[in-house]
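These are the residues of each chain, in order.
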Amino acid sequence: MKIFSFAALALFAAPAAAFAPANINASRNTSLQAKNAPVFDEVCETTGVTLKRFMAEVAMLNPELSELTTLFGAIDTACKAITNLVKRSQLPSSETLGLEGEVNIQGEDQKKLDVITNDLLKRALRFTGKLGVLASEEEDTPVDIMPANAKKSEIVIDEGEKYVAVFDPLDGSSNVDAGIPTGTIIGIYEHDENCVIDENCVGEECTEQEAQCLANTLQPGTNLVAAAYCLYSSSTFFVLTLGNGTYGFTLDENIGEFVLSHPNIKIPETSQIISFNEANTYMWDEPLKKVVTGWKAGTGKSGETFSSRYIGSMVGDVHRTLLYGGVFGYPGDTKNTTGKLRLLYEGAPMSFIMEQAGGLSTTGTKRVMEIVPEVVHQRVPIIMGSKNDIQEVIDAYAEAGAN
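Residues numbered from 1 in each chain as written. Predicted model: local features only at pLDDT ≥ 70, side-chain atom pairs only at ≥ 80, totals over all residues. Heavy atoms only, no water.

Here's the deal with the pattern of salt bridges
Inference 1: Tallying each qualifying case throughout the model produces twelve salt bridges.
Inference 2: Among the ionic pairs, Lys80 bridges to Asp76, the shortest N-O distance being 2.8 Å. Here the residue Lys80 and the residue Asp76 both occupy positions in helix α3 (residues 66-88), the gap between them amounting to four residues, near one helical turn. There is no split in this pair, since Lys80 and Asp76 are both buried.
Inference 3: For the salt bridge of Lys296 with Glu278, the shortest nitrogen-to-oxygen distance reads 3.0 Å. Of this pair, Lys296 sits in helix α6 (residues 286-297) while Glu278 sits in the loop between β12 (273-275) and α6; the two residues are 18 residues apart in sequence, bridging distant segments of the chain.
Inference 4: Because the salt bridges share partners, they merge into one network encompassing Lys52, Asp76, Lys80 and Glu257. (Salt bridge = Lys/Arg side-chain N within 4 Å of Asp/Glu carboxyl O. Helix = DSSP H or I, 4+ residues; strand = E, 2+ residues; numbered from the N terminus. Buried < 20%, exposed > 50% of the residue type's maximum accessible area, 1.4 Å probe, protein only.)

Set out below in structure tokens:
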């Protein structure tokens, strides 16, 4: 195990390719994409099965994923704890309302619940023994999760740990005081086995090796092993993918377990619902503006007249889109050319879930899952949802580019 200073993290400001050799990344991408999807059986399709039983069955059928059982056990517990915090946050005796008084790395005021849920997830993941590095919306940089090395100025790379976790601890927290649905987004990547630091290196000699290990966090969505979100709303939902379909669980508070309620979710291929902040329409790219205008007028490719449903919380909007069909988006515009959603721990995990349910996710010109992050908190335009409708958006951008 090697501890090193965050001085090397200045390299995060540069493209990942600057410190991660292309041939290593290329071979890693190829190997991960070539892996077969995990095998599921009838137990994994039976409603009422608990999340623990589901993961145990997956581990039995796919021994290479057995360590994920421990990891998802910790995430399961964290989501249950967070849903209780969110429920109690409105009580006068609660100390979770309001602002923390700090600003996160995005320049956003941190809610008290942001900080509490971030710490809760770190603690839950810390003792699984399966993680070496994690990155969160509320952290300036990827952090070490082991208690003996928990200083913010240091990070630990442990070659024995298999996974890298990225998460947004409480998406939509800006509206939590008003009781708006919120959620937790999680992505799990494999830890690069080539991450080796020479114990004898000194000072700047270690920089290249350290940066290469930290690049474990800067992986494209195509490298995701698993992704999940928890939605805290009328019920508490836990939706996950392991690369073989998307599965939804609902918390049964009588028994304290997530039970399978939506096996193998499939999003409708065509829809009639758009979910955008339409106040920004005038600032959108012309291809997107043209398509959305056609949908609202009923002159789009499907001929359907679309209606609008927008919560303003990504997890809530995507959950509805998965179940009912539709198009969710936070596109780039003249004010925010790269959009506002973060690629690593919002865009990529949610895109993985959406694609595994039969949908598509794009920036308009690129598949979100294929974009390699250059920095941890990189933003990206996102439009995702029903296959045929997203394809219409992609075609519009392609046509505009050709002209």
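Here we look at the sheet that holds strand β14 (residues 327-330)
Inference 1: Read across the sheet, five strands follow the order β13-β12-β14-β16-β15 without closing on themselves; strand pairing throughout is mixed. Each having just a single partner strand, β13 (307-308) and β15 (360-362) make up the two edges of the open sheet.
Inference 2: Where β12 and β13 come together, two bridges link them in parallel fashion. Paired with Ile274 across the strands is Ser308, a residue of β13. (Pairing = 2+ DSSP bridges.)

Focus on unusual backbone geometry
Inference 1: Of note in this structure, Asn264 is not a glycine but carries a positive phi near 50°.
Inference 2: Structurally, Asn264 can be placed in the loop between β11 (257-262) and β12.

A short note on the pairing of β11
Inference 1: Sheet topology note: the strand β10 (residues 246-252)/β11 ladder contains five bridges and is antiparallel. Residue pairing in the sheet places Leu251 in a bridge with Phe258 of β11.
Inference 2: The turn linking β10 back onto β11 is made up of four residues, and Gly256 within it adopts a positive phi angle of 70°.

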